[in-house]
Amino acid sequence: MRSFHSMSFIAAALIVFTYPLFAQQGQSEVDISAQAGVTSADGVVTFTRDFFNRYQPNTALEMVNRVPGFILNDGSGLRGFGGAAGNVLINDRRPSTKQDLPSAILGRISASMVQRVELIRMRVRDIDLQGHVEVVNVVLSQDAPATVRWELHNRQNFLVGWSPGAAISLADNWGEVEYNIGFDTRMANLGDPGVIRRFDATGQLTEIRTDYDAGDGPNANAYLNASTWLGQTFFQLNGRTGIENRDLGLYSKRENQLTSAVSYQDIQTIRRNTRLELGLDAERILTPVLLGKAIVLYNLLDGEPSVSQSDLTPSGVQTRFQLEDEEFTSTEFITRMEFDWAGIKGHAIQADIERAVNILDNTQVFTDDTGLGPVVVDVQGGNVRVEVVRWGYLLQDSWELGNLDIDAGLGLERSTISQSGDSTLERTFKFWKPRAIFTWSPVRGNQTRLRLEREVSQLDFNDFVSATVFEDDNVALGNPDLHPDSTWISELSHERR
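Being a predicted model, the structure only gives us computed values, none of them experimental. (Residues numbered from 1 in each chain as written. Predicted model: local features only at pLDDT ≥ 70, side-chain atom pairs only at ≥ 80, totals over all residues. Heavy atoms only, no water.)

### Quick word on the overall build of the protein
In step 1: Helix and strand counts for the protein come out as five helices and 24 strands.
In step 2: Taking the intrachain contacts of the protein between residues at least 6 apart in sequence as the baseline, contacts between residues at least 24 apart amount to 63%.
In step 3: Total accessible area on the protein stands at roughly 26200 Å², and carbon and sulfur atoms take up 57% of it. (Helix = DSSP H or I, 4+ residues; strand = E, 2+ residues; numbered from the N terminus. Contact = heavy atoms within 4.5 Å. Areas by Shrake-Rupley, 256 points an atom, 1.4 Å probe, with all protein chains shown as cover.)

### Quick word on the side chain of aspartate 211
In step 1: Along the chain, the position of aspartate 211 falls in strand E10 (residues 205-230).
In step 2: No salt bridge is formed by the buried aspartate 211, whose closest oppositely charged neighbour, arginine 254, lies at an N-O distance of 5.0 Å.
In step 3: Contacts of aspartate 211, omitting those with residues within four sequence positions, involve Pro193, Gly194, Ile196, Leu250, Tyr251 and Ser252. (Buried < 20%, exposed > 50% of the residue type's maximum accessible area, 1.4 Å probe, protein only. Lys, Arg positive; Asp, Glu negative; His and termini not counted. Salt bridge = Lys/Arg side-chain N within 4 Å of Asp/Glu carboxyl O.)

### A closer look at the packing of aromatic side chains
In step 1: Scanning all chains against the criterion turns up eight aromatic pairs.
In step 2: When the ring of phenylalanine 51 is compared with that of tyrosine 55, the centres are 6.2 Å apart and the planes differ by 65°; the resulting orientation is edge-to-face.
In step 3: Classification of phenylalanine 51 by relative accessible area gives buried; the value is 7%.
In step 4: Tyrosine 55 gets classed as partly exposed once you look at its relative accessible area, which sits at 31%.
In step 5: Clustering of aromatic rings is evident, with ring pairs tying together Phe47, Phe51, Phe52 and Tyr55.
In step 6: If you follow arginine 54 out to its NZ or CZ, it ends over the ring of phenylalanine 51, 4.6 Å from the centre. (Phe/Tyr/Trp six-rings, centres within 6.5 Å; stacked < 30°, edge-to-face > 60°. Lys NZ or Arg CZ within 6 Å of the ring centre and 35° of its normal.)

### Some words on the pattern of salt bridges
In step 1: Applying the stated criterion across every chain yields a total of 21 salt bridges.
In step 2: Aspartate 361 is paired through a salt bridge with arginine 385; the nearest N and O atoms lie 2.8 Å apart. Here the residue aspartate 361 occupies a position in strand E16 (residues 347-369), and arginine 385 occupies one in strand E18 (residues 384-401), the gap between them amounting to 24 residues.
In step 3: The partly exposed category is assigned to aspartate 361, whose relative accessible area is 32%.

### A few points about a nonpolar patch on the surface
In step 1: A contiguous nonpolar patch, built from Ile181, Leu224, Leu237, Leu280, Val296 and Phe333 and spanning about 450 Å² of accessible area, is present on the exposed surface.
In step 2: With respect to the helices, strands and loops of the structure, leucine 224 is situated in strand E10. (Patch = residues over 30% accessible without salt bridge, like charges linked within 9 Å, V, L, I, M, F, W, Y side chains within 5 Å.)

### Considerations on the pairing of strand E2 (residues 44-48)
In step 1: In terms of burial, E2 is largely enclosed, as four of its five residues are buried.
In step 2: Of the strand pairs in this sheet, strand E1 (residues 38-41) and E2 are connected by four bridges, and their pairing is antiparallel. Paired with valine 38 across the two strands is phenylalanine 47, which belongs to E2.
In step 3: When E2 meets strand E4 (residues 114-120), the two strands line up antiparallel, connected through five bridges. Its bridge partner being in E4, threonine 48 is matched across the sheet by arginine 116. (Pairing = 2+ DSSP bridges.)

### Observations concerning the confidence of the model for the protein
In step 1: With 89% of its residues at a pLDDT of 70 or more, the protein has an overall mean of 83.
In step 2: Element-level pLDDT for the protein is lowest in helix H2 (residues 29-34), with a mean of 43, against a maximum mean of 94 in strand E13 (residues 290-303).
In step 3: The low-confidence segment residues 1-34, where pLDDT is below 50, has 25 contacts with residues more than four positions distant or belonging to other chains. (pLDDT = per-residue confidence, 0-100.)

### Side note on the nonpolar core
In step 1: Formed by 26 residues in total, the largest nonpolar core has its most connected members in Phe47 and Leu106.
In step 2: Contributions of two or more residues to this core are made by E2, helix H3 (49-52), helix H4 (60-64), strand E3 (88-90), helix H5 (102-107), E4 and strand E5 (135-140).
In step 3: Not counting residues within four places of it along the chain, the set of residues in contact with leucine 106 comprises Thr59, Ala60, Leu61, Val64, Leu72, Val88, Ile90 and Val138.
In step 4: Val388, Phe431, Val456 and Phe464 belong to the second-largest nonpolar core, a separate cluster that totals 13 residues. (Core = buried A, V, L, I, M, F, W, Y, C linked by side-chain atoms within 4.5 Å.)

### Describing the side chain of glutamate 495
In step 1: Note that glutamate 495 resides in strand E24 (residues 486-496).
In step 2: When its relative accessible area of 9% is taken as the criterion, glutamate 495 is described as buried.
In step 3: One polar contact links glutamate 495 to arginine 449, side chain to side chain, over a distance of 3.4 Å. (Polar contact = N/O pair within 3.5 Å; in protein donor to acceptor, adjacent residues only side chain to side chain.)

### Re the pairing of E5
In step 1: Along E5, six of the six residues are buried, which leaves the element largely enclosed by surrounding structure.
In step 2: Residues of E5 alternate between two faces, with Val135, Asn137 and Val139 on one and Val136, Val138 and Leu140 on the opposite face, all of them buried.
In step 3: As defined by bridge partners, E3 adjoins E5 across three bridges and the pair is classed as parallel. Following the sheet pairing, isoleucine 90 is matched in E5 by valine 138.

### Quick word on the sheet that holds E2
Within a beta sheet, neighbouring strands are joined by backbone hydrogen bonds and run either parallel or antiparallel to one another.
In step 1: With respect to topology, five strands assemble into an open sheet ordered E1-E2-E4-E5-E3, the strand pairing being mixed. Strand pairing shows two members of the sheet lacking a second neighbour, E1 and E3, which therefore form its edges. Recorded for the sheet is a direction-independent mean angle of 20° between the axes of neighbouring strands. (Axes fitted to C-alpha atoms, helices over the stretch in contact; angles between N-to-C directions.)

### Section: unusual backbone geometry
In step 1: Phi is positive for glutamine 56, which is not a glycine, with a value near 50°.
In step 2: Within the secondary structure layout, glutamine 56 lies in the loop between H3 and H4.
In step 3: Residues other than glycine seldom take positive phi values, yet aspartate 92 does so here, at roughly 75°.
In step 4: You can see aspartate 92 is positioned in the loop between E3 and H5.

### Focus: the environment of proline 484
In step 1: Examined against the element boundaries, proline 484 turns out to sit in the loop between strand E23 (474-476) and E24.
In step 2: Taking the C-alpha atoms as reference, proline 484 lies 5.9 Å from serine 457; in sequence the two are 27 residues apart.

### Thoughts on the environment of lysine 430
In step 1: Structurally, lysine 430 can be placed in strand E20 (residues 425-440).
In step 2: For the pair lysine 430 and arginine 390, spaced 40 residues apart in sequence, the C-alpha to C-alpha distance is 9.7 Å.
In step 3: Those residues within four positions of lysine 430 in sequence are excluded, and the remaining contacts are Leu412, Glu413 and Arg414.

This is how it looks when you write it as structure tokens:
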């Protein structure tokens, strides 16, 4: 019976997906879709504001999330700027930012400013899909009046309390400059109390932990997105700055099931982080068949976290005090050049060059006081400087062969990781990164896409640095031998509208 149902499902799926190949269409897809505010032509499905009216959207983000068959991707977390680009464009262009996510930018744009949303499934108008099978392009009205959007929200954790927040943004023109400026803040209340039972290798219960934890503190961020034409060059500026101040407390009761001993631990975590991002890009038509774009991006994360642990007897007497004080500065500086050349008929050739420098400086002081005064304990891997210099190159071409569109390219990445401080090491890596997207559109309303690509992931600098895990009385040592992870991706999809 199971086999019969499986075959029935497969047969039904084949009929659904292949029916347009044999059916005679009395009315074109464009005519039918237009009645609902949707048109389709040349690999682009356009959704006008009439299509979204039924959902009563407040922001551009709510409109994008309603595009049929599209899933928003804020960025894959890959290395550099090109690899981490999301699948959202605004007026044909990607924002020059990594930390200010596309979903956050769309959330600050009022729905009243959106003229239409385009679902782009192949290269058109010199728009590079950046390895995605499809992207959405949010087209804003050029003559929209000044718009102020504000929001108040609150989240309740029934165990620790309320987390109120607010956001406000303004979109307007200042002469020839279009800008969107915003601010948001939130008072976070965190907590996840519970019971942990620990067992040894034989399955015997050795300890019961009853944890009571809570934390609070304000987060605040300010944003600026602006664009304008200066002569024949189009400029975009994106900026973000923010602070994170949080105090987290964990009070833990430890019951040893083997000795019946009871102890208490009070762990306090303090976070004081500051973030800054500035991105600037310039785009210009250099010749009738050559378009050039330059991008500069800077990121800074500065923090002074500290974690302390007090060991207490059941009567509340402190028997031990441990403190980990840390300071770190993490920076990223990216410069990127993109060139689009249309000198060969039927082809769109792109060349990219990118250089990125990532630096982490981390200092750590660990002290242990058992009643005789604090003693400095050396933690291997706590004081390090890690620097990564990376060059990336990409050459790709897009062309059309009847019903088949091909977007193929070959990238090369070369990076050098150097470390100093508690460990001294230098290593060089080289990755070839081919990619190809095949898009087959045999009949209107049906499209099959095949994507093949090699991706290289971004290293997490925190993995190079040792950190104390007070909850488990352990130390997570930093690994100086980390290397980027590479993955081969294959993706096959079929779409019927």
